[in-house]
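Tertiary structure, described
Here is what each chain is made of, one letter per residue.
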Amino acid sequence: MSPQARIYASGSFCFGESVAVNNLLAAQYPAVILWSLHVNASGDLIMNNTQIVSNGVYQEAQTMNLPSRLATLYQNGISVIFSVGAGGTSDFTNIASLISKYGTGSDNPLYTNMAALKAAMVNAGGNIDAIDFDNEDNLEAGVMVDFAIMLQAIGYASVTFCPYCLPEVWQDALTQLVKKFGPDFVSALHLQCYSGGEYNDPQEWGQVIAASGSNALLIPGLATNQAGPGGWWNSGQPGSSVKSYPAVAQYGGGDWSSLLRQGNYPSADAAMQSCVGGETFFFYCNSYLDLGPGKQFNAGDAVFFGGLPQWGSAPQCEGYALANGCSNIYNQGGACPSDLQTQYAKWANGKYPVNGGFIWMYDSIVDCVLSGPCGESGDSVATVATAYRNAIVNGLALAKTASSGSLVS
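I will try to describe carefully the structure that is included in this document. Here the structure is a predicted model, which means the values were calculated and not measured.

A look at the nonpolar core
In this structure, Phe-82, Met-114, Leu-117, Phe-133 and Phe-147 are the most contacted members of the largest nonpolar core, which totals 102 residues. Among the elements that make up this core, the one with the highest residue count is helix α6 (residues 141–154) (nine residues). Non-local contacts of Met-114, meaning those with residues more than four positions away in its chain, are made with Leu-37, Leu-45, Ile-131, Phe-147, Leu-151, Ile-154 and Tyr-156. Core analysis: the next-biggest nonpolar cluster, separate from the first, contains 15 residues, Ile-33, Trp-35, Ile-81 and Ala-86 among them.

Here's what the structure looks like:
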């Protein structure tokens, strides 16, 4: 089996329009994990901060067009996974409360809403291959087993686990689900080996999989370089990664294929605060600007892009980009593609096979692409995302080839 390279993606995909879809298609990850789906006390589903399902109806409170855009990935052979939970949330606490009150069947509003989520994806021509459990608030095996029972009854074919601590709890849940649904229902263990899980040894978790009788793939993950706190906006001011460029706008005759959106704002700071994910640069107009056919802008207009800027002279405007530096804050051994390749090579040949790896995450690649902390300045998001995918594949594949005694050039 070839290594399973996967990538988590958040707001930069949700609001990244066709730019994000095209970047991920170009990078050729076999699976994209959309993070993070939250469950409130009523059982409503919120994608990051945007409600998408309530009362059994899929309706985005802020337009993302997720079903059609995810269907494009799915139709091109990319597995689509939704991840539930995150650090600092109450998602699995809310899930436990809803199941305690309503059970795991169709009387539960969570059941109705998870069914509506899946139906929305299927009706758009796609599907959801698995629900990922990023349980960091209610680490009890019972709630995870009950939630999995609900999902299986709805028609979800698989769940995946995303642990960073307490292997005994995850082993308990895994063992119970193997007994109930067989060894393949939990299809992968996405092991966090960064931040709070930076000291995790995949071999310890491989033993968890083996002891439970599961066939789950062992897929440890590492983080990319990260932008400064807040991204575009932090604590009442521009984030530390924001760099300003006076008297410029995107060149009217340049490449506008990464255009995301535009809007009118009372100030450039207000425009920054409107950023929702996927923006790498924008320009703000203080007076009327004419850049050619179909590119006329009024005072207060801000135009947002998700690619590489081509600044042209525009005295009535100013440009802003996430280009003021990124760094490794989560991994022990560095966060550039070469660092990740070295780490995956070290993991490749233990007793318990490492079946792939995941990258945390697409959004960080977007936020850091203009800073070029690993020498990729000037490269596109798709190029850098591909470099991280290759780091997983090459690290695992080359190490295994070398251990077999074959010549590796």
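What about helix α8 (residues 202–212)?
Residues lying three or four places apart along an α-helix face the same way, a consequence of the helix completing one turn every 3.6 residues. For α8, the full list of buried residues reads Pro-202, Gln-203, Trp-205, Gly-206, Val-208, Ile-209 and Ser-212. Where α8 is buried, its residues meet α7 (167–181), β9 (186–192), β10 (217–223) and α10 (337–347). At the N-terminal boundary of α8, the capping side chain belongs to Asp-201, with an oxygen 3.0 Å from the backbone nitrogen of Gln-203. Residue Gly-213 follows α8 closely and has a positive phi angle near 80°.

A few points about the state of the cysteines
Counted under the stated rule, the structure contains two disulfides. With a sulfur-sulfur separation of 2.1 Å, Cys-326 is cross-linked through a disulfide to Cys-368. One quick way to see it: the torsion about the S-S bond of Cys-326 and Cys-368 is about -100°, and its sign makes the bridge left-handed. Of this pair, Cys-326 sits in strand β21 (residues 326–327) while Cys-368 sits in helix α11 (residues 362–368), and the two are 42 residues apart along the sequence. The side chain of Cys-336 participates in a disulfide bridge whose partner is Cys-374; the two sulfur atoms lie 2.1 Å from each other. Here the S-S torsion is close to -85°, and the disulfide linking Cys-336 with Cys-374 is therefore left-handed. Of the two residues, Cys-336 is situated in the loop between β21 and α10 and Cys-374 in the loop between α11 and α12 (381–403); the sequence distance between them amounts to 38 residues. When the cysteines of the protein that form disulfides are numbered from the N-terminus onward, they connect as 1-3, 2-4. Cys-285 provides the cysteine sulfur closest to Cys-275, a residue in no disulfide bond, and the two sulfurs are 15 Å apart. On the basis of relative accessible area, Cys-275 is assigned to the buried category, the value being 18%. Unpaired in this structure, Cys-285 has its nearest cysteine sulfur neighbour in Cys-317, at a distance of 3.3 Å.

A few points about the pairing of strand β22 (residues 356–360)
Counting buried residues along β22, five of its five residues qualify, which places the element largely inside the surrounding structure. Burial of the side chains of β22 extends over both faces: Gly-356, Phe-358 and Trp-360 are buried on one face and Gly-357 and Ile-359 on the other. Of the strand pairs in this sheet, strand β1 (residues 4–9) and β22 are connected by four bridges, and their pairing is parallel. Note that in β22 the partner of Ala-5 across the bridge is Gly-357. In the sheet, β10 pairs with β22 via three bridges, with the strands oriented parallel. What sits directly across from Leu-222, in β22, is Ile-359.

Notes on the packing of α6 against α7
Between α6 and α7, the least distance of the axes is 8 Å, while the angle of their chain directions is 35°. Seen along the crossing, α6 lies across α7 with a hand that is right-handed. Mapping the contact onto sequence places Ala-141, Met-144, Val-145, Ala-148, Ile-149 and Gln-152 in α6 and Val-169, Trp-170, Asp-172, Ala-173, Gln-176, Leu-177, Lys-180 and Phe-181 in α7.

Details of the environment of Ala-387
Its place among the elements puts Ala-387 in helix α12. Distance from Ala-387 to Pro-337, taken between C-alpha atoms, is 6.1 Å for residues 50 residues apart in sequence.

Calculation criteria
Residues numbered from 1 in each chain as written. Predicted model: local features only at pLDDT ≥ 70, side-chain atom pairs only at ≥ 80, totals over all residues. Heavy atoms only, no water. Core = buried A, V, L, I, M, F, W, Y, C linked by side-chain atoms within 4.5 Å. Buried < 20%, exposed > 50% of the residue type's maximum accessible area, 1.4 Å probe, protein only. Helix = DSSP H or I, 4+ residues; strand = E, 2+ residues; numbered from the N terminus. Contact = heavy atoms within 4.5 Å. Polar contact = N/O pair within 3.5 Å; in protein donor to acceptor, adjacent residues only side chain to side chain. Disulfide = S-S within 2.5 Å. Pairing = 2+ DSSP bridges. Axes fitted to C-alpha atoms, helices over the stretch in contact; angles between N-to-C directions. Left-handed = near helix turned anticlockwise from the far one by under 90°.

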